[in-house]
Amino acid sequence: MSKHLGRDLPAAESIADVFLGWGKVYRPTKNQQKVHRLIFHLLDVGATFFALLAREPRFLERFTFLSSFDPDLTRRLLAFFAAAHDVGKCSPGFQYLCNAKLEKALKPIWAELENHPKLGSGFSYWQRNQTPTRMPCHGYLSVHALFRFFNPEHFEGPDVDEPSDPMATQILWQLSLASGYHHDKDFQPGFDEDLDIAFFKSEYRGDQAWTEQRQKLLNCLWETIVGDAGLVSEVRAALADAPTCSGTTWDPSFLVEQLLFAGQTTVADWIASGKDHFPPSGLVPVERDLAAYFQGSLKRAATVLDELVWTGHHVRRVQGRSWQQLFPNFIKPNPLQAEILALRDQMHEPMMVLIEGPMGIGKTEAALTVLSAVSNKDRGFFVALPTQATGNQMYGRVKKFLDRMLEESDSPGQLQLAHGNRRWNKTFVETFHGTRTGRARLFETDSFDEATPSKVVATEWAAMARTGLLAEFGVGTIDTLLAAALVARKHYFVRFVGLYGKTIIIDEVHANDTYMDGLFRLLLTWLGALGCHVVLLSATLPEHKRHAYLAAYSGGSPGALPACSYPRITSVVGNRPESAQGRHIALDQKRVKQIAVKLKSIRSPADVVDHVKADVAACNGQGVFVLICNTVFCAQDVFALFQESPDFDNNCLLLHHARFIMGQRVAHEARVNRELGKDALKEVWEKRADRPLMILIGTSVLEQSLDYDCDRMYSLPCPVDLFFQRTGRLYRRFYWFPNRAFPEPATATLFHFGPLKNPDLITCGSAFIYDAYLLLRTLRLLAERIERTGNALFNDRDDLDEMVQMVYQKDGRPVGKREAAALEAWEHARAHEETQAHVSLLPAPDDCAWRTSCFGENGERVHSWFTQVMARRNQPHGSQPKKNTRLGEFATQAVLLVRRDKQLVPLGQNGMPLKKGIAEGKGRLEELETARLLIQSSVYLHEGWVDKFGEHLIDFNPYDHPALREAKKLIGCWDERRERVWFPQISGAFYEPQAGFRYQKERKEEDLCD
């Protein structure tokens, strides 16, 4: 078979005979054409796909059914299918789009088609009779044309029950489907049940002349990209004897391969649609030789991939980097890290590792150790955290790790921060600005100073939400990963391309609720199918969850694991559930953190203030005291009581929660890190000074989003695993400074309202956030443990794990009618959330009911994966799948503005109005430096409030900055006397710099769940 790319076309197939309709239309710019002819766009995409495969050898390894071809021909064959993705645009229905914005640019092409000797009648008929009804996606015609190209006999003569070469037919059909599916739009019902596309109106697809033109386009693509026309029959003959796709038997769906191909085709289409590197050909193309044009497209594709830092994941990155070089702050690995170092040498095939250990013992470094080992083989990694704040902190840590890991690498590595507010991460912005692509900008008005060269970069293209996972390295929230498991999210297969063959680290997996856990288990199944190494980190997990995660990843139940005490490492190899094993990690018994737990009954929030005041006095007015509430309302109320107390100065009080404007949240996180972090504590000790008094009050963001050390911890009722998670910030110095002695145990107080045997869970909203059963069981078992042992001391190893297993054990018997009723309600709520998760999920890759197959056992046609996914998306109202990764109300971004002197003034990082504002009625924001300031002044309001505020939430101009397209304006006035923003039209709504956004009108108990 010929291996020459871009061979010359026969004279009969000169460009004059090729359909030259339009493929892309761009917004006009100076000295640049607006129209890009279809044939050139197809070649651009084929060239980009070919260039991607040249840098992604692991993708070729996956397509084992093409292993009989040499790698070069395999790349060309797949590039041909990718190039053909838009052949369906060769149709009168697409070429005549009734769009006023396109009319001026397309009129010359319409004139060409009207006068075309063969296509004119079909085009003119469509012009006269077209209707504004929704038309089928052109991708469906692409599928039809591709299948006709390889199977002309199907469309000639009587129907064929089953082809003579079903294996080849199967492969070609699935690749055709994946190519045409790149837009992820609905297929028409019955599309792949009958390859006769009778559901297309004949006037849309055109007459026989249009069909012949689509086939001629495919002939040109084949000749230009693959080789001689005779190779078509040779390829089909070779596919008839294709080897097994995966495992030991042929899987007729080869689903993962099909979805990876669909995703990579979409990526190639996105890249090749950029007019900066693939300039529009214009109405009169300059290049008349298709082979020469394709060679030019290959060069352009290589250039753009270099600028996107798509360096090729086969490049060796780690060259003998020692532990001390990767982790200079650790003299040597601790027992946990040493065990991971030994385990990583066994990672010759995809494996999931679950690390359970106390907070602060270096689980993250242990996970990064896995990365340093497999980075030579894997396509990169992604680190997922539960919140944006933890993601921000982890991004800085990973950036430093990569700087050391890539120090001697011969190519850069791209590190993206994947969450919606990455613009506020200083390290990411610096990395982004330091990337020398010439177009990297987060805002239109960004200017750049000279940056220090680094091997770690971040490009503009990969900073978009839909492309973030495509970067080689990434840090983000767990939601970024869970979105790949949702059937309602478009282009899920692009996310699969981003995840394929990477190492995925997921921290704090114990934080998942039932709905998220359903998504998470399916995610693990897909990660196993995609050949990913997975590292899960948790303080501790209930036993049933541990088994469920192992089964989800490995594709089967691991059976009964041998008893393995805490802390532990559990591992399993993909597709081999019998390989599951656990091992205990023997940590230094001299370094066990003791926590003195107090259960304190209170009558009102005022008692909390009194209790903290007594502890502060006992500590001589020094130290850090942290109180974690369960709702924003409660945190604001308690903070107000501290402000009213004459015993506390406002300078030592800090409130932090999610209802501050973005700028203040960033400022608070920076202050906590600066004043309560490891470096600050070390500086205090070095100066032999007293630690200044600080009282930090907040919600669960203090539990899992910030890395700090405190002297006393206070909590309102929460489940036992989250309570011990909160105590992880208590005496965090214990693990920060292992050689220092801390003789006194850390003290954690768990407040409860009313008597312990019948606590009030409504006050301060605990029951609206957590299940009453878990709260009651946590309080009871903690009290019984203290009474039984006569000791309030809990260590963060044995006792932590024991308490979690007792609270969450499935066969645990409730005590009393209230706990029994709460258990029944909890099980009902879990079942409801499981149902919601089930209807929202993609099917699992091994779900036989969803297998893609061209022919059934009796020769009948069956549905494809894609049509079944669309059927699940289009369920009747009430059964529709969810798009969100967490249950609860959606939040709306509201930009808080103060009206002053005919200007709208945003709030600054201190919560006070800035001096400079925006003239009211001003449209576009690119001319101003205010886009960043507006985002800084935004806060997220839950759906219930948005409905109440109604017309007072004003839409932004559609031409404003992209980051504000979904945001609303909320305009108020500044109250100088009270130093707060108030909103005259909304009674009870105001914004206080120290307390955040508040809305107190008609405040009811159900509002506490916010």
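Predicted model only: the values in this text are computed from it and were never measured. (Residues numbered from 1 in each chain as written. Predicted model: local features only at pLDDT ≥ 70, side-chain atom pairs only at ≥ 80, totals over all residues. Heavy atoms only, no water.)

Draft legend 1. Here's a closer look at the overall build of the chain. When helices and strands are counted, the chain shows 36 helices and 27 strands. Evaluated residue by residue, the chain yields a buried proportion of 60% over its 1010 residues. When the accessible surface of the chain is split by element, carbon and sulfur atoms take 49% of a total near 40900 Å². (Helix = DSSP H or I, 4+ residues; strand = E, 2+ residues; numbered from the N terminus. Buried < 20%, exposed > 50% of the residue type's maximum accessible area, 1.4 Å probe, protein only. Areas by Shrake-Rupley, 256 points an atom, 1.4 Å probe, with all protein chains shown as cover.)

Draft legend 2. Just the pairing of strand β17 (residues 746-753), in detail. Among the eight residues of β17, eight are classified as buried, and the element is accordingly described as predominantly covered. Alternating positions in β17 separate into two faces, A746, A748, L750 and H752 on one and T747, T749, F751 and F753 on the other, with burial throughout. Bridge analysis of strand β12 (residues 594-602) against β17 gives eight bridges, and the strand direction is parallel. Within the sheet, the bridge partner assigned to L599 lies in β17 and is L750. (Pairing = 2+ DSSP bridges.)

Draft legend 3. Expanded view of the side chain of R998. On the secondary structure map, R998 appears in strand β27 (residues 996-999). For R998, the side chain forms a polar contact with the side chain of Q636, separated by 3.5 Å. (Polar contact = N/O pair within 3.5 Å; in protein donor to acceptor, adjacent residues only side chain to side chain.)

Draft legend 4. Structural detail: a nonpolar patch on the surface. Together, I762, F768 and I769 give the surface a local cluster of nonpolar side chains, amounting to about 210 Å² of exposed area. Turning to its location among the elements, F768 is positioned in helix α30 (residues 766-769). (Patch = residues over 30% accessible without salt bridge, like charges linked within 9 Å, V, L, I, M, F, W, Y side chains within 5 Å. Salt bridge = Lys/Arg side-chain N within 4 Å of Asp/Glu carboxyl O.)

Draft legend 5. Main features of the pattern of salt bridges. Applying the stated rule across the entire model yields 36 salt bridges. Across the pair R546 and E356 runs a salt bridge whose closest N-O atoms are separated by 2.8 Å. Taken together, the positions of R546 in helix α22 (residues 543-554) and E356 in strand β3 (residues 351-356) put the pair 190 residues apart, joining distant regions of the chain. Assigned by exposure class, R546 and E356 land together as buried.

Draft legend 6. Focus on unusual backbone geometry. Across the junction of Y566 and P567, the peptide omega takes the value -5°, indicating a cis bond. Structurally, P567 can be placed in the loop between α22 and β10 (568-573). The phi dihedral of N575 is positive, around 65°, even though this residue is not glycine. Tracing the backbone through its elements, the reader meets N575 in the loop between β10 and β11 (576-584). Under the relative-accessibility criterion, N575 is labelled exposed at 65%. Located in the positive-phi region is E979, a residue other than glycine, with phi close to 50°. Looking at where E979 falls in the secondary structure, it is placed in the loop between β24 (968-975) and β25 (980-982). By relative accessible area, E979 is classed as partly exposed at 45%.

Draft legend 7. Layout of the environment of P108. Structurally, P108 is set in helix α5 (residues 100-114). Relative accessible area serves as the criterion here: at 33%, P108 is assigned to the partly exposed category. Each C-alpha atom, one on P108 and one on L283, is 7.8 Å from the other, the two residues being 175 residues apart in sequence.

Draft legend 8. Quick look at helix α15 (residues 335-344). Those residues of α15 that sit buried are L336, Q337, I340 and L343. Angular distribution of buried residues about the axis of α15 spans 120°; they occupy a single face of the element. Capping of α15 at its N-terminal end is provided by N334; its side-chain oxygen lies 3.1 Å from the backbone amide nitrogen of L336. (Arc of directions from axis to C-beta.)

Draft legend 9. Inspection of the packing of aromatic side chains at higher detail. What the rule picks out here adds up to 35 aromatic pairs. Relative to W173, the ring of F147 lies with its centre 5.1 Å away and its plane at 70°, an arrangement referred to as edge-to-face. With F147 in helix α7 (residues 138-150) and W173 in helix α8 (residues 166-180), this residue pair connects regions lying 26 residues apart in the sequence. Note on accessibility: F147 and W173 belong to one class, buried. Each ring, one from F150 and one from W222, has its centre 5.9 Å from the other, and the planes form 80°; the classification is edge-to-face. Highlighted residues: F150 in helix α7 and W222 in helix α10 (residues 208-226), separated in sequence by 72 residues. For W222, a relative accessible area of 1% translates into the label buried. Following the ring pairs from residue to residue traces out a cluster consisting of Y181, Y492, F493, F496, W526 and F866. It is R58 that lies over the ring of Y500; its NZ or CZ is 5.6 Å from the centre. It is R785 that lies over the ring of F794; its NZ or CZ is 4.3 Å from the centre. (Phe/Tyr/Trp six-rings, centres within 6.5 Å; stacked < 30°, edge-to-face > 60°. Lys NZ or Arg CZ within 6 Å of the ring centre and 35° of its normal.)

Draft legend 10. Summary view of the sheet that holds β12. Here we have seven strands laid out as an open sheet, ordered β14-β15-β13-β16-β17-β12-β18, and mixed in their pairing. Each end of this open sheet is capped by a strand with a single partner; those strands are β14 (653-656) and β18 (793-795). With strand direction ignored, the average angle separating the axes of adjacent strands in the sheet is 25°. Of the strands in this sheet, β13 (624-628), β14 and β15 (694-698) are in contact with helix α24 (residues 632-644), which crosses β14 at around 170°. (Axes fitted to C-alpha atoms, helices over the stretch in contact; angles between N-to-C directions. Contact = heavy atoms within 4.5 Å.)

Draft legend 11. Geometry of the packing of helix α1 (residues 38-55) against helix α13 (residues 290-307). The N-to-C vectors of α1 and α13 enclose an angle of 50°; their axes lie 8 Å apart at closest approach. In terms of their interaxial angle, α1 and α13 are classed as oblique. For the element pair α1 and α13, the recorded crossing hand is right-handed. Contacts between α1 and α13 pair I39, F40, L43, D44, G46, A47, T48, F50, A51, L52 and R55 from the former with L290, Y293, F294, S297, L298, R300, A301, A302, L305 and D306 from the latter. In the contact of α1 with α13, the residues fall into 14 nonpolar, three polar and four charged. (Parallel < 35°, antiparallel > 145°, perpendicular 65-115°, else oblique. Left-handed = near helix turned anticlockwise from the far one by under 90°. Nonpolar A, V, L, I, M, F, W, Y, C, P; charged D, E, K, R; others polar.)

Draft legend 12. Up close: helix α28 (residues 720-727). Within α28, eight of the eight residues are buried, leaving the element largely enclosed by the surrounding structure. Those residues of α28 lying buried are V720, D721, L722, F723, F724, Q725, R726 and T727.

Draft legend 13. Structural view of the sheet that holds strand β5 (residues 413-418). Strand order in the open sheet made by the nine strands is β6-β5-β7-β4-β8-β9-β3-β10-β11, with mixed pairing throughout. One side of each edge strand has no neighbouring strand; the edge strands of this open sheet are β6 (456-457) and β11. Here β3 runs beside β10; their pairing, made up of six bridges, is antiparallel. Of the residues in β10, the one forming a bridge with E356 is R568. Across the face of the sheet, helix α21 (residues 514-529) comes into contact with β3, β8 (503-506) and β9 (533-538) while running at roughly 150° to β9.

Draft legend 14. Structural view of the side chain of D975. On the secondary structure map, D975 appears in strand β24. For the buried D975, no salt bridge exists, and the shortest N-O distance to an oppositely charged side chain is 4.4 Å, to R978. Residues in contact with D975, not counting those within four places in the same chain, are R980 and W982. (Lys, Arg positive; Asp, Glu negative; His and termini not counted.)

Draft legend 15. The arrangement of the confidence of the model for the chain in detail. Considering every residue of the chain, the mean pLDDT works out to 81; 82% of them sit at 70 or more. For the stretch residues 189-199, pLDDT sits under 50, and the model shows 25 contacts to residues farther than four places along the chain or on other chains. Counted against residues more than four places away or in other chains, residues 244-250, with its pLDDT under 50, gives 16 contacts. (pLDDT = per-residue confidence, 0-100.)

Draft legend 16. Summary view of the environment of W270. On the secondary structure map, W270 appears in helix α12 (residues 255-272). In this view, W270 contacts W461, R466, T467, H491 and V494; residues no more than four positions away in its chain are not counted.

Draft legend 17. Representation of the environment of L406 within the structure. Among the structural elements, L406 can be located in the loop between α17 (388-405) and β5. Residues L406 and V456, spaced 50 residues apart in sequence, show a C-alpha to C-alpha distance of 8.0 Å.

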